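What follows is the residue order along each chain.
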Amino acid sequence: MTDRYAVIGNPVDHSLSPRIHAAFAARAREDIEYGRLEAPTDGFAGAAHRFFAEGGQGLNVTLPFKLDAWQWVDSHDDAAAASGAVNTIVVDGNAKRGCNTDGIGLIRDLLDNLGWHLDGARTLVLGAGGAAQGVIEPLKRGGAVDVTIANRTQSKAEALAARFDVASAGLGEVGGGWDVILNATAAGLAGTGGLVAPEVVADGRCYDLFYALDGATPFCRWAADQGAKEVSDGLGMLIEQAAAAFLLWRGVRPDTGGIEKALRSSA
Ligand code: ATR
């Protein structure tokens, strides 16, 4: 029987994950089915339980369920334990293991796809929610220095910074001199993209954890206008986190080359 996988979220109808995993499966010649599973915002546990009870082999977890998934699973891999969030659930005998491939996905995209350097890079993370939480440890491990979390609500930045032993600041008080600036706020596709003073991004490389198929998220557009050296949205990260999940489920690392371009040209 064909193994079944899905992405669970709310909303989930625009998720690109089914297309990405279908491309991986075709390339790796793996026989899988990968669908979308929308759960009510207070109904993660019931929906996940049903999916696995009916024979499902693995879930990707997207907003707003990454913390619910962390609580629901029986065990955590190191990345999930460090970030407090789960984006991939793997069947482990009778138990379910919660993993997190977001961090490795980000690092692969930054280093391998974009060719940005992290080693010794002064790195600023905007936002202190679940998305920020998942990337701090991988950035530090990748060699980022002077890692600073800047958030609209400064107390949240302070709490997260204390947990990961990095610095914190309010969004309005950050100065310039950064090599890499990541947008991990939920401001997303709304607003002008101008979250900080222009000098914060000028001469830096700016990465938005959100994506838009044309690459022009408000943050990317705004940062480019302020003179950022390079900008990128997070579509590459989405594809790389999916590849790491596919490897956990199937034991095969799929070839990700060309998938980003194919998705963008289908917009
Ligand atoms: P996620 O899990 O996607 O990170 P979250 O936990 O709700 O979502 O966190 C949202 C983050 O985006 C927070 O850092 C939030 O700032 P506050 O802590 O001050 O609320 C930030 N955020 C959301 N909308 C924002 C906006 N319009 N401008 C700046 N920061 C914003």
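As the structure is a computational prediction, the values presented were derived from the model and not from experiment.

Chemist: Any chance you could explain the overall build of the protein chain here in plain terms?
Modeler: Looking only at helices and strands, one finds eleven helices and twelve strands in the protein chain. At 18 Å, the protein chain has a C-alpha radius of gyration in line with the 18 Å of a compact globule built from 267 residues. With respect to the principal axes defined by its C-alpha atoms, the protein chain has extents near 55 × 40 × 30 Å. Burial status across the protein chain gives 49% buried among its 267 residues. Surface accessibility of the protein chain: about 11800 Å² in total, with carbon and sulfur atoms responsible for 48%. For the protein chain, the centre of its 23 positive side-chain charges and the centre of its 33 negative side-chain charges are spaced 3 Å apart.

Chemist: Just to check I follow, could you spell out the domain arrangement of the protein chain for this structure?
Modeler: Accessible area lost during the coming together of the parts is what is often quoted as the interface size. Entries for the protein chain in the domain assignment read domain 1 (3-100 + 236-265) and domain 2 (103-233). A C-alpha centroid distance of 24 Å is found between domain 1 and domain 2. Of the residues lining the interface, 16 residues belong to domain 1; the matching set on domain 2 comes to 21 residues. Summed over both partners, the interface of domain 1 with domain 2 buries about 1400 Å², with 54% contributed by carbon and sulfur atoms. Looking at the side of domain 1 facing domain 2, the largest losses of area belong to Met237, Glu240 and Arg264, adding up to 41% of the total buried there. Connecting domain 1 to domain 2 are one salt bridge. The closest approach of N and O atoms between aspartate 233 and arginine 264, which form a salt bridge, is 2.6 Å.

Chemist: I'm lost on the sheet that holds strand β9 (residues 167-170) in this one. Help?
Modeler: The strands making up a sheet associate through hydrogen bonds between their backbones, and the pairing can be parallel or antiparallel. Here six strands make up an open sheet; going across it, the order is β9-β8-β7-β10-β11-β12 and the pairing parallel. Looking along the sheet, the strands with just one partner apiece sit at the ends: β9 and β12 (230-232). Pairwise comparison of adjacent strand axes, ignoring direction, gives a mean angle of 20° for this sheet. Taken together, the four bridges between strand β10 (residues 180-183) and strand β11 (residues 205-208) define a ladder with parallel strand orientation. Bridging from a neighbouring strand, valine 180 pairs with arginine 205 of β11.

Chemist: Where do I start with the layout of surface pockets in this structure?
Modeler: Any empty space left between the atoms is revealed when a probe the size of a water molecule rolls over them. Reported here for the largest pocket is a volume of approximately 1400 Å³. Lining the largest pocket are 49 residues, and of these Thr62, Leu63, Lys66, Leu209 and Phe210 sit closest to its centre. Looking at the lining of the largest pocket, the elements that each hand over two or more residues are β3 (58-61), α3 (66-72), α6 (130-141) and α10 (235-250). Sort the elements by how many residues they give to the lining of the largest pocket and α6 lands first, with four residues. Of the residues assigned to the lining of the largest pocket, the class counts are 26 nonpolar, 17 polar and six charged. Structurally, the lining of the largest pocket is a two-domain feature, drawing no fewer than three residues from each of domain 1 (3-100 + 236-265) and domain 2 (103-233). Taken as a whole, the second largest pocket holds about 180 Å³ of empty space.

Chemist: Is there a simple way to think about the site of the ligand in this case?
Modeler: Not every one of the 15 residues close to the ligand is listed here, only the nearest: Ala128, Asn151, Arg152, Thr153 and Ala186. With respect to the ligand, the backbone of glycine 130 contributes an N or O atom lying 3.1 Å from an oxygen atom. Side-chain polar atom of lysine 156 to an oxygen atom of the ligand: 3.0 Å apart, as the coordinates give it. Relative to its unbound accessible area of 650 Å², the ligand is 70% covered by the protein chains. A majority-of-atoms criterion places the ligand in the largest pocket. The residue inventory of the shell around the ligand, partitioned by class, reads seven nonpolar, six polar and two charged.

Chemist: Sorry, what's going on with unusual backbone geometry here?
Modeler: Glycine aside, the phi torsion of most residues is negative, and most peptide linkages are trans. The omega torsion across asparagine 10 and proline 11 is 0°, close enough to zero to call that bond cis. Note that the residue after leucine 63, namely proline 64, is joined by a cis bond; omega there is 0°. Along the polypeptide, proline 64 turns up in the loop between β3 and α3. A positive phi angle, close to 50°, is found at arginine 29, a residue other than glycine. By the element assignment, arginine 29 lies in the loop between α1 (17-28) and β2 (32-38). On the basis of relative accessibility, which here comes to 76%, the residue arginine 29 falls in the exposed class. Located in the positive-phi region is aspartate 165, a residue other than glycine, with phi close to 60°.

Thresholds, definitions, all that
- Residues numbered from 1 in each chain as written.
- Predicted model: local features only at pLDDT ≥ 70, side-chain atom pairs only at ≥ 80, totals over all residues.
- Heavy atoms only, no water.
- Helix = DSSP H or I, 4+ residues; strand = E, 2+ residues; numbered from the N terminus.
- Rg over C-alpha atoms; globule rule 2.2 N^0.38 Å.
- Buried < 20%, exposed > 50% of the residue type's maximum accessible area, 1.4 Å probe, protein only.
- Areas by Shrake-Rupley, 256 points an atom, 1.4 Å probe, with all protein chains shown as cover.
- Lys, Arg positive; Asp, Glu negative; His and termini not counted.
- Charge placed at Lys NZ, Arg CZ, Asp CG, Glu CD.
- Domains from an automatic or database assignment.
- Contact = heavy atoms within 4.5 Å.
- Buried area = accessible area lost by both parts, 1.4 Å probe.
- Salt bridge = Lys/Arg side-chain N within 4 Å of Asp/Glu carboxyl O.
- Pairing = 2+ DSSP bridges.
- Axes fitted to C-alpha atoms, helices over the stretch in contact; angles between N-to-C directions.
- 1 Å grid on protein atoms, 1.4 Å probe; cavity = no way out; pocket = protein on both sides within 12 Å on 5 of 7 lines; lining within 4 Å.
- Points joined across faces, edges and corners; volume = space filled by probe spheres on them.
- Nonpolar A, V, L, I, M, F, W, Y, C, P; charged D, E, K, R; others polar.
- Near = heavy atom within 4 Å.
- Polar contact = N/O pair within 3.5 Å; in protein donor to acceptor, adjacent residues only side chain to side chain.
- Sits in = over half its atoms within 2 Å of the grid points.

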